[in-house]
Amino acid sequence: MKKSLAFFLALFIFAGCLPSHAAGLVWNPEDGVILSGNPDSKKIALTFDDGPHPTKTDKILDLLAEYQIHATFFVIGQNVAAYPEVVRREIKEGHEIGNHTYSHKSLYRCQKETVEKEIISTEEILIDKTGCVPRVFRPPEGAYTCDILDVAGRMNYDVILWTIDTRDWAKASTDQIVSTVLKKVKNGSIILMHDFTISGTHTLDALKILIPKLLDMGYEFVTVSE
């Protein structure tokens, strides 16, 4: 299921537990879901889901290092188990690591016990392979329920969504990704991208254009927590 469809489906099904996204809230203290950073600060966050990937992630890291900027990587536990050296590089180079579940299940379809297992398993593999204890969590597809928020809250996670979906996961072209970001970017934007994608995606090519443009526009790249 596409991220946007799943997200709005979850909104309808679990409306009693969710913030009013249509109201443009940055943060809803009742459920702790974070949609954006400080609107008064010219800081933005690049975020990458679904990694690490054995080759694509390194290429993104090379580009980020070239510009000396940091990002947040929401990793999948089974990929961490397969490619721990990539996550260790992310940490060494100052990037933030977030929890994105162990197997990328659609958590809003799962029982609470499964939600707990998916989050805990990823945390355990990260601690074992890297020593990192993640404190930010992004549910797959951006869809969440009261149970998901309860589990994340008890585990001391901030739940992070995004301001801009680049749709790189849907094979948006380089020009489409660049246009989407430049049209929608604003102070505090959290930009959704992916470092583990199917073939034919244009994430890296778009980043090569976007990073210098956004720097020229006066934006500072920071991690989500920053």
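Our structure is the block above this text.
Residues numbered from 1 in each chain as written. Predicted model: local features only at pLDDT ≥ 70, side-chain atom pairs only at ≥ 80, totals over all residues. Heavy atoms only, no water.

A. Highlighting the overall build of the protein chain. Along the backbone of the protein chain there are 8 helices and 9 strands. In the protein chain, buried positions account for 51% of the 226 residues. Split by element, the accessible area of the protein chain, about 10200 Å² in all, is 51% carbon and sulfur. (Helix = DSSP H or I, 4+ residues; strand = E, 2+ residues; numbered from the N terminus. Buried < 20%, exposed > 50% of the residue type's maximum accessible area, 1.4 Å probe, protein only. Areas by Shrake-Rupley, 256 points an atom, 1.4 Å probe, with all protein chains shown as cover.)

B. Fine view of the nonpolar core. With 33 residues, the main nonpolar core has Leu46, Phe48, Leu64 and Phe73 as its most contacted residues. Where this core is concerned, the elements lending two or more residues are strand S2 (43-49), helix H2 (56-67), strand S3 (72-75), helix H4 (84-92), helix H5 (112-130), helix H7 (174-184), strand S8 (190-194) and helix H8 (203-216). Ranked by the residues each element gives to this core, the list is headed by H8, at 5 residues. In contact with Phe73, other than residues within four places in its own chain, are Phe48, Thr57, Ile60, Leu61, Leu64, Glu90, His95, Glu96, Ile97, Gly98 and Asp195. (Core = buried A, V, L, I, M, F, W, Y, C linked by side-chain atoms within 4.5 Å. Contact = heavy atoms within 4.5 Å.)

C. Fine view of the pairing of strand S4 (residues 96-99). Burial along S4 is two-sided: Glu96 and Gly98 facing one way and Ile97 and Asn99 facing the other are all buried. Strand direction decides the pairing type here: S3 and S4, joined by 4 bridges, are parallel. The residue of S4 that forms the bridge with Phe73 is Ile97. (Pairing = 2+ DSSP bridges.)

D. Inspection of H2 at higher detail. Between the first and last C-alpha of H2 there are 18 Å, a value that for 12 residues agrees with the 16 Å anticipated at 1.5 Å per step. Every buried residue of H2 is listed here: Thr57, Ile60, Leu61, Leu63 and Leu64. Seen along its axis, H2 keeps its buried residues to an arc of 160°; they face one direction. On its buried side, H2 packs onto S2, S3, H4, S8 and H8. (Expected span 1.5 Å × (residues − 1). Arc of directions from axis to C-beta.)

E. Highlighting the pattern of salt bridges. What the rule picks out here adds up to 8 salt bridges. The closest approach of N and O atoms between Arg135 and Glu123, which form a salt bridge, is 3.7 Å. In this pair, Arg135 sits in the loop between H5 and strand S5 (136-137) while Glu123 sits in helix H5, placing the two residues 12 residues apart along the sequence. A single salt-bridge network, built from bridges that share partners, covers Asp58, Asp62, Arg89 and Glu93. (Salt bridge = Lys/Arg side-chain N within 4 Å of Asp/Glu carboxyl O.)

F. View of the packing of aromatic side chains. For the structure shown, the criterion picks out 2 aromatic pairs. Judged by centre distance (5.1 Å) and plane angle (20°), the rings of Phe48 and Phe73 are stacked. Taken together, the positions of Phe48 in strand S2 and Phe73 in strand S3 put the pair 25 residues apart, joining distant regions of the chain. An identical accessibility class is assigned to Phe48 and Phe73; each is buried. Lys42 extends its terminal NZ or CZ atom over the ring of Tyr219, reaching a point 4.0 Å from the ring centre. (Phe/Tyr/Trp six-rings, centres within 6.5 Å; stacked < 30°, edge-to-face > 60°. Lys NZ or Arg CZ within 6 Å of the ring centre and 35° of its normal.)

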